[in-house]
Amino acid sequence: AIDTVTSSYAAVEPPLRTFFAALDDEQKARLLRGLSSSGPQAREGDRTPARGEPRSRRRGVSAAARDGEGGAGICENFVAALRGWRTREIERSVRLSETQRVAFYELVTLSLKAADTLAGACPAENALTPLGRLTQMRARLLAVRQATTAIHPALTQFYGALDQGQKVRFAAMR
């Protein structure tokens, strides 16, 4: 999914750059004023759905808009997930062996380190221009990719050590 979104941004950036460069200063000011004065709820109300567009698609777009201006929420959501391990509950419910417990705590430790790295790598402020926002979103996606890449081997090792019943109990906890 990250690769798909990143590719989409790469495809959109040149025409966006061309469009923005073609605007005069007054047009740029109006565009930026409109972007900064209309919050996600205003944009949601302003959007006219395409004819025949399914209701669920419209709700999906609205939910994405509410996730944070410029996608800032993506970092916070991933940081919260990486820091949100309910270790005692998982140990108790999944009934980990000693070997599995070691693999689990390695996963938790790597997740906490990845969360710290991700929290520091994501841009905190939102850019004012459309191109700046696009650049920031790409930076956020890159940071998320790096965090998921960092924990993937430990997650694979831990999950592979579980038997089928443990996998079911573990999946039910998330």
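Nothing here was measured: the structure is a model prediction, and the numbers come from that model.

Caption draft 1: Inspection of helix α9 (residues 164-173) at higher detail. The complete set of buried residues in α9 reads Q166, K167, F170 and M173. Projected down its long axis, α9 carries its buried residues within an arc of 120°, all on one side. Away from its buried face by more than 90 degrees, α9 exposes Q164, V168 and A172. Against α6 (87-94), α7 (98-121) and α8 (130-161) lie the buried residues of α9.

Caption draft 2: Quick peek at the packing of α6 against α7. The interhelical angle for the contact between α6 and α7, taken along N-to-C directions, is 155°, at an axis separation of 12 Å. Regarding the angle of α6 to α7, the classification is roughly antiparallel. α6 and α7 meet at a crossing whose hand is right-handed. Contacts between α6 and α7 involve T87, R88, I90 and E91 on the former and, on the latter, R101, F104, Y105 and V108. Among the residues making up the contact of α6 with α7, the classes are represented as 4 nonpolar, 1 polar and 3 charged.

Caption draft 3: The state of the cysteines, seen in detail. Scanning all chains against the criterion turns up 1 disulfide. Across a sulfur-sulfur distance of 1.8 Å, C75 and C122 are joined as a disulfide pair. Taking the sign of the torsion about the S-S bond as the criterion, the disulfide between C75 and C122, at about -75°, is left-handed. One end of the pair, C75, is in helix α5 (residues 73-83); the other, C122, is in the loop between α7 and α8, and 47 residues separate them in sequence. A relative accessible area of 10% places C122 in the buried class.

Caption draft 4: A look at the side chain of Q166. Note on placement: Q166 falls in helix α9. Once residues within four sequence positions are removed from consideration, Q166 is found in contact with V94, R95, L96, Q100 and A161.

Caption draft 5: The packing of α5 against α8, seen in detail. Interhelical geometry of α5 versus α8 gives an angle of 15° and a closest axis separation of 10 Å. By the angle between their axes, α5 is roughly parallel relative to α8. Handedness of the crossing formed by α5 with α8: left-handed. Note on element contacts: α8 touches α5 through M137, R140, L141, V144, A147, T148 and I151, opposite I74, C75, F78 and L82. Residue composition of the contact of α5 with α8, by class: 9 nonpolar, 1 polar and 1 charged.

Caption draft 6: The environment of P130, seen in detail. Relative to the assigned elements, P130 resides in helix α8. Put simply, P130 and L32 are 98 residues apart on the chain and 8.1 Å apart in space, counted from C-alpha to C-alpha. For P130, the contacting residues outside a window of four places in its chain are L16, F20, L31, L32 and L35.

Rules of the game
Residues numbered from 1 in each chain as written. Predicted model: local features only at pLDDT ≥ 70, side-chain atom pairs only at ≥ 80, totals over all residues. Heavy atoms only, no water. Buried < 20%, exposed > 50% of the residue type's maximum accessible area, 1.4 Å probe, protein only. Helix = DSSP H or I, 4+ residues; strand = E, 2+ residues; numbered from the N terminus. Arc of directions from axis to C-beta. Contact = heavy atoms within 4.5 Å. Axes fitted to C-alpha atoms, helices over the stretch in contact; angles between N-to-C directions. Parallel < 35°, antiparallel > 145°, perpendicular 65-115°, else oblique. Left-handed = near helix turned anticlockwise from the far one by under 90°. Nonpolar A, V, L, I, M, F, W, Y, C, P; charged D, E, K, R; others polar. Disulfide = S-S within 2.5 Å.

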